[in-house]
Amino acid sequence: NDVSYNCLINAAVSAGGGNFREAWETVELMEQSGVSVDHYTLSIMMKALKRVKNPRDVARTLALLDRSSIDVYSDEILLNSTLETCTRHRELRRLEGILASYNTASFRPSVHTYGSLIKAASTLKRLPQCWEFWRELEERRGMQPNDIVLGCMLDALITNQQGAG
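## Quick notes on the pattern of salt bridges
What the rule picks out here adds up to six salt bridges. Note that Arg-140 and Glu-136 form a salt bridge whose closest N and O atoms lie 3.9 Å from each other. You can see Arg-140 and its partner Glu-136 sitting in helix α8 (residues 127-140), four residues apart, about one turn around the helix. Note on Arg-140: relative accessible area 58%, which makes it exposed.

Here you go:
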């Protein structure tokens, strides 16, 4: 079943430096067996890309996301891992698409996710959007930013040269 396949995929990418070959073999077996890729599968693969430099694994994982037709806003862990992957690997078009669909998604982010959203908007040099996320977090949602979100916003201000002066 899907839980067993996801456990095998997680074990493959978690072992040592991450065995993507074994993970991809398991994904292929999963699909051949008629078991659909789910948000857990995608989150595992996205998270594993933190330690990967090979652009082929990045492209292949993003293609898997596209094939699955799973909305990244359907699962907060998937959203965070996708935003972090796209930011790290400079997948700017994909970041643009994810942020563009934010306002139409029926999604209420956690504090941590606001940090990921601010970081993604900063990567795209969209300081006004960083401020929109910040105001939504504090003013509209009444949430308190944690140290990570503060760091993301500070980084956005400095990166976009708004910190001086």
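## Concerning the confidence of the model for the protein
Per-residue confidence for the protein gives a mean pLDDT of 92; residues scoring 70 or more make up 96%. Per-element averaging of pLDDT across the protein places helix α1 (residues 2-14) at the bottom with 91 and helix α7 (residues 111-123) at the top with 97.

## As for the packing of α7 against helix α9 (residues 147-159)
Here α7 crosses α9 at 10°, and the two axes come no closer than 8 Å. Here α7 lies roughly parallel to α9, going by the angle between them. Between α7 and α9 the crossing geometry is left-handed. Along its contact with α7, which presents Val-111, Gly-115, Ile-118, Lys-119 and Ser-122, the element α9 presents Val-149, Cys-152, Met-153, Asp-155, Ala-156 and Thr-159. Classifying every residue of the contact of α7 with α9 by side-chain character gives six nonpolar, three polar and two charged.

## Concerning the packing of aromatic side chains
Within the structure shown, the criterion is met by three aromatic pairs. A centroid spacing of 5.1 Å and a plane angle of 90° characterise the contact between Tyr-102 and Phe-133, whose relative ring orientation is edge-to-face. Note that Tyr-102 is positioned in the loop between α6 (92-100) and α7 and Phe-133 in helix α8, a separation of 31 residues in sequence. Neither residue differs from the other here; Tyr-102 and Phe-133 are each classed as buried.

Scoring rules and cut-offs
Residues numbered from 1 in each chain as written. Predicted model: local features only at pLDDT ≥ 70, side-chain atom pairs only at ≥ 80, totals over all residues. Heavy atoms only, no water. Salt bridge = Lys/Arg side-chain N within 4 Å of Asp/Glu carboxyl O. Helix = DSSP H or I, 4+ residues; strand = E, 2+ residues; numbered from the N terminus. Buried < 20%, exposed > 50% of the residue type's maximum accessible area, 1.4 Å probe, protein only. pLDDT = per-residue confidence, 0-100. Axes fitted to C-alpha atoms, helices over the stretch in contact; angles between N-to-C directions. Parallel < 35°, antiparallel > 145°, perpendicular 65-115°, else oblique. Left-handed = near helix turned anticlockwise from the far one by under 90°. Contact = heavy atoms within 4.5 Å. Nonpolar A, V, L, I, M, F, W, Y, C, P; charged D, E, K, R; others polar. Phe/Tyr/Trp six-rings, centres within 6.5 Å; stacked < 30°, edge-to-face > 60°.

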